[in-house]
Structure formats: structure tokens, C-alpha cells
Amino acid sequence: MASDRKTVEFLVEQMAGGGTVSAKAMFGEFGIYSDGKMVALVCDDHLFVKPTVGGRAFAAGAEEAPPYPGAKPCLLIDAEKWDDREWLAEIVRITSQEMPAPKVRTKRKSG
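Under an unreviewed UniProt entry, the name given to the protein is TfoX family protein, and the source organism is Sphingobium terrigena.

Right, dumping it as C-alpha cells:
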């Protein structure tokens, strides 16, 4: 089941204090980016935040589950936290700070 775009738009709006936050559609689901780094996924209308040391400490007690079959576990953020704008912005900020910078892709030469 694909995620509802309105759910994703709401989450992005709630996370806005955590940096420059955006969403990109990916295979029927969505990746959430902060300052160019993928920090979360929305799959089947569930929010999964990439696990980091700081994120785990901040979201103490959050369940870890894979966002889709075969994926590495992420922090599954309870929907009750979605209305807490400051909390969501902070976990996004913490996660983004601890994630590595995205790799620069080089263009292939045609020939």
C-alpha cells in the first residue's frame, strides 16, 4: 500500500524546523530529506527515521523496524508524536547532523 501524499506533506511541514526539509517519491513511497541528506522514509503511512546514536537517545524507547522487506531497521516513530512539531524537528536535526554527506555523483562520459 502506497503512502498518502497528504500524510507526507503534513510530516514535512511538521519537520520544517529541523533544516531544509523535503520529500521525494520513491517506488510508491517517500524519502524525507533534510539539508540534502535522507533522514527518514514514509512507507505505508508510517514514519521511519534513519537510526543514529543521537536519534536513538532522543527517541528513547522507539521501536526499530524495517520500512520495507529486506531493509535495515529504522526508528518507527509513533503517530502520536507527529503533532509535536518541536520533537519532530529536533529528531530530524539530530539525525541530519549525524548522517554522512551525500555522495557526489559523477557524470558518465558518453562515447
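There's more to say after this.
Engineer: Is there a simple way to think about the nonpolar core in this case?
Structural biologist: One broad rule of soluble globular proteins: the nonpolar side chains tend to lie buried together. Formed by 20 residues in total, the largest nonpolar core has its most connected members in Met15, Ile32, Leu47, Ile77 and Leu88. When residues of this core are traced back to their parent elements, those giving at least two are helix 1 (5-15), strand 2 (29-34), strand 3 (37-43), strand 4 (46-49), strand 6 (74-77) and helix 3 (85-98). Once you skip the residues sitting within four places of it in the chain, Ile77 turns out to touch Leu47, Val49, Trp82, Trp87, Leu88 and Ile91.

Engineer: I would appreciate a short explanation of helix 1 in the present structure.
Structural biologist: Along an α-helix, residues three or four positions apart point the same way, because every turn accommodates 3.6 residues. Along helix 1, the residues that are buried comprise Thr7, Val8, Leu11, Val12, Gln14 and Met15. One side of helix 1 holds all its buried residues, which, seen down the axis, span an arc of 160 degrees. Those residues of helix 1 that are buried lie in contact with strand 1 (21-26), strand 2, strand 3, strand 4 and helix 3. At the N-terminal boundary of helix 1, the capping side chain belongs to Asp4, with an oxygen 2.9 Å from the backbone nitrogen of Lys6.

Engineer: Got a minute to help me understand the pairing of strand 2 in this structure?
Structural biologist: Two faces, one strand: in a regular strand the side chains alternate between the faces of the sheet. Of all six residues that make up strand 2, six are buried, and the element is covered over most of its length. Residue alternation in strand 2 divides its side chains into two sets, Glu29, Gly31 and Tyr33 and Phe30, Ile32 and Ser34, and both sets are buried. Taken together, the six bridges between strand 1 and strand 2 define a ladder with antiparallel strand orientation. Within the sheet, the bridge partner assigned to Lys24 lies in strand 2 and is Gly31. What sits between strand 1 and strand 2 in their antiparallel hairpin is a turn of two residues, with Phe27 showing a positive phi close to 55 degrees. One ladder, built from five bridges, connects strand 2 with strand 3; its direction is antiparallel. Along strand 3, the bridge assignment pairs Ser34 with Lys37.

Engineer: Could you clarify how one ought to interpret helix 3 in this entry?
Structural biologist: Over its 14 residues, helix 3 runs 20 Å from end to end, which matches the ideal 20 Å to within 8%, given 1.5 Å per residue. If you check which residues of helix 3 are buried, you get Trp87, Leu88, Ala89, Ile91, Val92, Ile94, Thr95 and Ser96.

Engineer: Looking at this structure, how should I read the pattern of salt bridges?
Structural biologist: Pairing between side chains of opposite charge can happen when their charged atoms approach one another. Going through the model one piece at a time under the given rule, you end up with three salt bridges. Residues Arg56 and Glu64 are paired through a salt bridge, measuring 2.7 Å at the closest nitrogen-oxygen approach. Taking the relative accessible area as the measure of exposure, Arg56 reaches 39% and is therefore partly exposed. Judged by relative accessible area, which is 35%, Glu64 ranks as partly exposed.

Engineer: Would you mind showing me how to read the side chain of Ser96 here?
Structural biologist: Of note, Ser96 is situated in helix 3. Residue classification places Ser96 among the buried positions, given a relative accessible area of 5%. For Ser96, the side chain forms a polar contact with the main-chain oxygen of Ser34, separated by 3.4 Å. Ignoring sequence-local partners within four residues, the contact set of Ser96 consists of Ser34, Asp35, Lys37 and Val39.

Cut-offs applied
Residues numbered from 1 in each chain as written. Predicted model: local features only at pLDDT ≥ 70, side-chain atom pairs only at ≥ 80, totals over all residues. Heavy atoms only, no water. Core = buried A, V, L, I, M, F, W, Y, C linked by side-chain atoms within 4.5 Å. Buried < 20%, exposed > 50% of the residue type's maximum accessible area, 1.4 Å probe, protein only. Helix = DSSP H or I, 4+ residues; strand = E, 2+ residues; numbered from the N terminus. Contact = heavy atoms within 4.5 Å. Arc of directions from axis to C-beta. Polar contact = N/O pair within 3.5 Å; in protein donor to acceptor, adjacent residues only side chain to side chain. Pairing = 2+ DSSP bridges. Expected span 1.5 Å × (residues − 1). Salt bridge = Lys/Arg side-chain N within 4 Å of Asp/Glu carboxyl O.

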